Every structure is written in C-alpha cells, then in structure tokens.
Protein chains: 2
Amino acid sequence: MHMVRIRTKRTLFPRTAGGIDVRVRVVNVVILGSGRGGNARRLLEAQRDGELGAARIVGVYSDRPDAPILKLGDTFDVPARFLDPGGYRTKLGGDAERVYIETIESHRPGLVVLAGFMRVIKAPFIRAFEDRIINLHPSLLPSFKGLEAIRRACEYGVKITGCTVHYVTEDVDGGPIIDQEAVRIEDGDTLDDVEEKVHAAEHRLLPDVIARLSRESSPR
Amino acid sequence: MHMVRIRTKRTLFPRTAGGIDVRVRVVNVVILGSGRGGNARRLLEAQRDGELGAARIVGVYSDRPDAPILKLGDTFDVPARFLDPGGYRTKLGGDAERVYIETIESHRPGLVVLAGFMRVIKAPFIRAFEDRIINLHPSLLPSFKGLEAIRRACEYGVKITGCTVHYVTEDVDGGPIIDQEAVRIEDGDTLDDVEEKVHAAEHRLLPDVIARLSRESSPR
C-alpha cells in the first residue's frame with residue numbers, strides 16, 4: 001500500500017459543531033495544465049458544490065500563455081497564471097523548474113494535480129513535493145503510457161479503456177495507481193466519441209480521488 | 001475491422017419455421033485446455049442451456065493426460081481426449097503439432113477455442129485454422145500479456161483488470177481483440193478474490209463471444 005502523506009493546514013479557530021470540538025483541516029491543491037482545462041474546471045465546480053472534501057484549490061498554472069485553462073481564474077476567482085517553462089519542449093528548463101517549485105511551494109500545497117500538463121516532471125520537482133503529486137492519464141495504465149493514449153487505444157482495437165489517477169514518480173506514467181475508471185468502446189464509436197467518454201470518466205474520477213485523499217490525510 | 005471467416009456446416013434438411021425456409025447452420029467448436037476446464041464447462045453448460053447460438057462443441061482436447069478438463073467428456077457426452085504435446089514444455093513438438101492439426105481438422109471446426117491452453121501456438125497451427133482460433137486471456141490486453149496475468153495485475157496495483165477474447169496470431173496475446181470485460185479490484189481483495197472475479201467475467205464473456213461469432217459467420 002502506498003502511504004499518503006499530505007501536508008495540511010489548520011484554521012486558527014477550531015469550529016464547534018454540536019458541542020464537539022472540530023478541527024477544520026484544509027488541503028491546499030495546486031493544478032497544472034496546458035490546455036482547455038476541462039478537468040480543472042470540473043474540480044473548481046466540484047469545490048463550489050462542496051464535493052471536494054477538505055481540498056481547496058489555491059492556484060492554477062499553465063506552461064502555455066494562451067491556454068484556455070487560465071481563463072478559469074476569473075470565472076472561479078482563483079489565482080491562475082502562466083509560468084514560463086523555459087526553452088525545452090517536453091520538460092521544464094532548469095531555471096523554469098526552480099520558478100515552478102518556488103511558486104507552487106508558496107501555496108504550501110497538500111496536493112499538486114497534473115491535469116493535462118504536457119511536460120514530463122523531473123526529479124527535483126518530484127522530490128520537492130514527494131508523494132503529493134498526482135497525474136490524470138487517459139488510459140487504463142499500464143496500457144498506453146505516454147502521449148495520445150486515447151487514439152492509440154482506439155487504433156489497437158481495445159473494447160475497454162478508461163482513465164487512471166496515479167502518484168507521479170520518475171517512471172513516467174508508471175507511479176502507484178490510486179484509482180481507475182473503465183470506459184467501454186462500442187462498435188461504431190469514433191475517436192471523438194471515445195474521447196468524450198474518457199473525459200466524462202475523468203471528470204468523475206479526479207474530484208472523487210482528490211476528495212478522498214483530502215479526507216484520508218492526517219494533520220502534521 | 002477484423003473479418004470473421006468461420007466455416008459452417010448446413011444440416012441436410014432445412015427446417016421450416018412459420019412458412020419461411022430456414023437453413024440451420026452449425027459452427028463446430030473445438031476446445032483446447034490444460035487445466036481445470038472451468039471455461040470449457042461453462043461453454044458446455046451454455047450449449048446445454050441454448051445460449052451458444054449456432055455453435056456446437058464437438059471436441060475437447062488437453063495436452064495433459066491428467067487435466068480435469070478431460071472429465072467433462074463423460075459429463076457432457078462430448079469427445080474429450082489427451083493429445084501428446086511432444087517433448088517441449090511451452091509449445092507443441094513438430095510431430096505433435098501435426099497430430100493436433102489433423103485431429104482438430106477432422107472436426108471441420110468453425111472455431112478453435114483456447115481456454116487455458118498453456119502452450120504457445122505456432123505458425124503452422126495458426127495457418128491451418130486462420131482467423132478461426134480465439135484465445136481467452138485473464139487481463140485487459142494489452143496490459144499483462146503472458147503468464148500469471150492476474151497475479152501480475154494485482155502486484156502492479158491496478159484497480160481495474162478483466163479478461164479479453166482475441167484472435168490468435170503469431171504475436172502472442174497480441175492478436176485482434178474481439179471483446180473484453182472489466183473487473184474492479186477493491187481494497188482488501190486477495191489474489192484469490194480477484195481470480196474468482198476474473199474467472200466469473202470469463203464465464204460470461206467467452207460464451208457470449210462464441211454465440212455472437214457463430215451468428216455473424218456466413219456460410220461458405
């Protein structure tokens with residue numbers, strides 16, 4: 001069993017509920033994404049609707065200045081900002097990595113969520129937030145690691161695919177699995193159909209996992 | 001789309017149903033297995049209960065003389081026989097392969113079903129029954145190809161596994177997928193629990209696939 005260690009923050013004044021002293025814990029969550037932000041939007045909606053447990057989204061960052069995900073900042077009144085990824089295409093440059101780490105660390109995150117973040121996270125970043133980085137991958141890992149997982153699953157001809165939330169380690173898409181949801185591919189489904197189903201599954205799985213992790217975490 | 005070509009046999013006397021001339025097709029099915037024969041039993045039960053479409057099980061063969069699967073012959077009144085696999089441990093020897101091919105061919109099979117047959121089928125065998133050999137594998141392929149798939153899935157820590165029926169090609173466990181069924185692994189499940197669930201899924205999937213293939217096949 002993979003141990004969940006999540007940093008939590010207590011409010012200064014414990015609330016009293018029914019005569020019982022309740023400490024209100026909050027797990028700060030930072031989201032990184034590169035694209036449309038469908039999953040980030042879903043998480044912010046889940047938080048608004050009280051479905052995200054003790055998790056609180058405190059920042060949304062993107063490696064692309066024009067990524068629609070950044071527009072969620074205004075809609076949901078949460079800090080959302082472009083962070084320059086440096087000169088590499090598939091990872092973060094050395095200076096950029098340092099800026100990412102410092103910026104994220106400033107939020108004292110209990111959880112860093114990669115939701116469609118299209119760069120590989122390297123050792124210094126992973127060590128900075130060890131056991132606190134989770135990734136959403138659009139396949140039933142270990143099948144179809146890497147890019148374009150949905151298209152490759154369709155081309156392979158699988159009848160069942162899905163999505164996976166897992167801890168991020170240096171083994172790309174190979175870290176411990178937290179949870180998965182299956183999606184059936186029906187005869188006649190187009191790639192668009194399958195993408196839609198997988199994204200719908202992601203929108204159920206990711207908030208559910210984050211809510212669970214936020215409840216399971218123990219205060220330090 | 002993988003083309004299904006199944007050899008079929010017509011009965012001599014077409015039945016008449018409601019004034020419409022109906023040709024009754026039968027798809028002969030040969031089963032190969034090495035072990036307990038859980039899936040072979042399930043297929044024979046499905047046939048008895050009229051759930052196997054136009055498929056008719058005409059022979060059960062094993063590469064192990066003491067395999068319990070062979071006892072199904074008496075129970076279900078179907079030919080069941082040990083066929084000597086020759087001197088190799090993981091494939092069929094040259095002479096043995098010829099005996100296997102000739103014995104199976106004598107049944108004029110529309111479908112050859114590998115249900116827990118623990119030897120790799122090689123090119124001559126595959127060519128003899130091209131597009132008519134299907135295999136049942138206890139994982140959601142392409143994950144966990146090869147032996148001990150259930151144990152390896154549990155050890156990896158997947159939350160969803162399952163079973164796959166696929167056409168047999170020279171690419172071991174890599175042929176075109178016909179259908180799959182997912183199985184959820186719950187926290188606390190033992191290996192035994194997961195094996196039981198996967199076998200239950202196999203017992204649903206395999207008869208269903210054979211019934212469908214038998215109906216989709218077009219007479220030659």
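In this text the structure is predicted, and so the values were computed from the model without any measurement. Position numbers for residues count from 1 along each chain, tracking the sequence in the order it is written. Naming scheme: in the order in which they are written, chains are lettered from A and ligands are numbered from 1. Per-residue local features are limited, in this predicted model, to residues with pLDDT of at least 70; the limit for side-chain atom pairs, both in listing and counting, is 80 or more; totals at the level of whole chains, interfaces and linings are taken over all residues. Side-chain measures were taken over the full set of non-hydrogen atoms in the model, leaving aside hydrogen atoms and water.

**Focus on the overall build of chain A**
Operational definition: Runs of E in the DSSP output that reach at least two residues are strands. Runs of H or I that reach at least four are helices, and both are numbered from the N terminus. The rule is simple: take the accessible area with a 1.4 Å probe, protein chains only, and divide by the maximum for that residue type; under 20% is buried, over 50% is exposed, in between is partly exposed. We call two residues contacting when some pair of their heavy atoms lies within 4.5 Å. Methods summary: accessible areas were calculated by the Shrake-Rupley approach with a probe of 1.4 Å, and residue burial reflects only the protein chains presented.
Of regular secondary structure, chain A possesses six helices and 10 strands. Evaluated residue by residue, chain A yields a buried proportion of 50% over its 220 residues. Look at the contacts in chain A between residues 6 or more apart in sequence, and 63% of them connect residues 24 or more apart. With the model as given, the accessible surface of chain A reaches about 10900 Å², and the carbon-plus-sulfur share is 49%.

**Observations regarding empty space enclosed by the protein**
Worth spelling out the cut-off: Both site types are read off a 1 Å grid over the protein atoms alone. A 1.4 Å probe that fits but cannot get out defines a cavity, while an open set with protein on both sides within 12 Å along at least five of seven lines defines a pocket; lining residues have an atom within 4 Å of a point. Grid points are joined across faces, edges and corners, and a volume is the space filled by probe spheres set on the points. All residues other than Ala, Val, Leu, Ile, Met, Phe, Trp, Tyr, Cys, Pro, Asp, Glu, Lys and Arg, Gly among them, are scored as polar; the first ten of these are nonpolar and the last four charged.
Scanning the entire structure with this criterion turns up one cavity of 30 Å³ or more. As a volume, the largest cavity reaches approximately 120 Å³. Considering the residues around the largest cavity, the lining is formed by 17 residues, among which Leu140 and Ser143 of chain A together with Leu140, Ser143 and Ile160 of chain B are closest to the centre. Of all the secondary structure elements, the ones that give two or more residues to the lining of the largest cavity are strand E9 (160-167) of chain A together with strand E9 (160-167) of chain B. Across the lining of the largest cavity, the residue classes tally to 12 nonpolar, five polar and no charged.

**A look at the relation of the copies chain B and chain A**
Note the following rule: For the least-squares superposition of copies, only C-alpha atoms count, and only for residues with pLDDT at least 70 in both.
At an RMSD of 0.0 Å, chain B and chain A line up after a rotation of 180° and a shift of 0.0 Å along the axis. The superposition of one copy onto the other is thereby described by a two-fold rotation axis. Relative to the rotation axis, the closest C-alpha in chain B is found at Ser143 of chain B, a distance of 2.6 Å. The residues that chain B uses at the interface reappear at the interface of chain A in 100% of cases, marking a shared surface.

**Re the packing of aromatic side chains**
The relative placement of two aromatic rings is captured by the distance of their centres and the angle of their planes. Applied cut-off: Centre distance within 6.5 Å is the pairing criterion for rings of Phe, Tyr and Trp, where only the six-membered ring of Trp is used; planes under 30 degrees apart are then read as stacked, over 60 as edge-to-face, and the remainder as tilted. The criterion for a charge sitting over a ring is simple: Lys NZ or Arg CZ within 6 Å of the ring centre, and within 35 degrees of the ring normal.
As enumerated under the stated definition, the model contains six aromatic pairs over all chains in all. Geometry around Tyr88 of chain A places Lys91 of chain A over its ring, the cationic atom sitting 4.4 Å from the centre.

**Quick look at the pattern of salt bridges**
Our working rule: In the sections that follow, a salt bridge refers to a side-chain nitrogen of Lys or Arg positioned within 4 Å of a carboxyl oxygen of Asp or Glu.
All chains considered together, the criterion is met by 28 salt bridges over all chains. Its salt-bridge partner being Arg48 of chain A, residue Asp49 of chain A comes within 3.0 Å of it at the nearest N-O pair. By sharing partners, the salt bridges in this structure join Asp179, Asp208 and Arg212 of chain A together with Arg184 of chain B into a single network.

**Considering the confidence of the model for chain A**
Residues and elements named next belong to chain A. Stated precisely, the cut-off is as follows: Confidence scores here are pLDDT values: one per residue, from the predictor, ranging 0 to 100.
Mean pLDDT over chain A works out to 90, with 87% of the residues at or above the 70 mark. Under a pLDDT of 50 for its full length, residues 1-17 has, in the predicted model, 48 contacts with residues more than four places off or in other chains. In the predicted assembly, ipTM is 0.84 and pTM is 0.86.

**Observations regarding the interface of chain B and chain A**
Note: interface size is frequently given as the accessible area lost on complex formation between the parts. As a reminder, the rule being used: Note on terms: buried area is the combined drop in 1.4 Å-probe accessible area of two parts once they are placed together, counting the loss on both. Any N or O atom pair separated by 3.5 Å or less is treated as a polar contact, with the protein-specific requirement of one donor-capable and one acceptor-capable atom, and with residues adjacent in sequence counted only for side-chain atom pairs.
Listed per partner, the contact involves 20 residues of chain B and 20 residues of chain A. Interface of chain B and chain A: buried area, both sides summed, is about 1500 Å²; carbon and sulfur atoms make up 55% of it. In this structure, the connection of chain B to chain A is made through two salt bridges. Where Asp179 of chain A meets Arg184 of chain B, a salt bridge forms, and the shortest distance between an N and an O atom there is 3.3 Å. Across the chain B-chain A interface, the total number found is nine residue pairs in polar contact (both at pLDDT 80 or more). Of all the elements, strand E10 (residues 177-184) of chain B adds the most residues to the side of chain B that touches chain A, at seven residues. A per-class count over the side of chain B that touches chain A returns 10 nonpolar, four polar and six charged.

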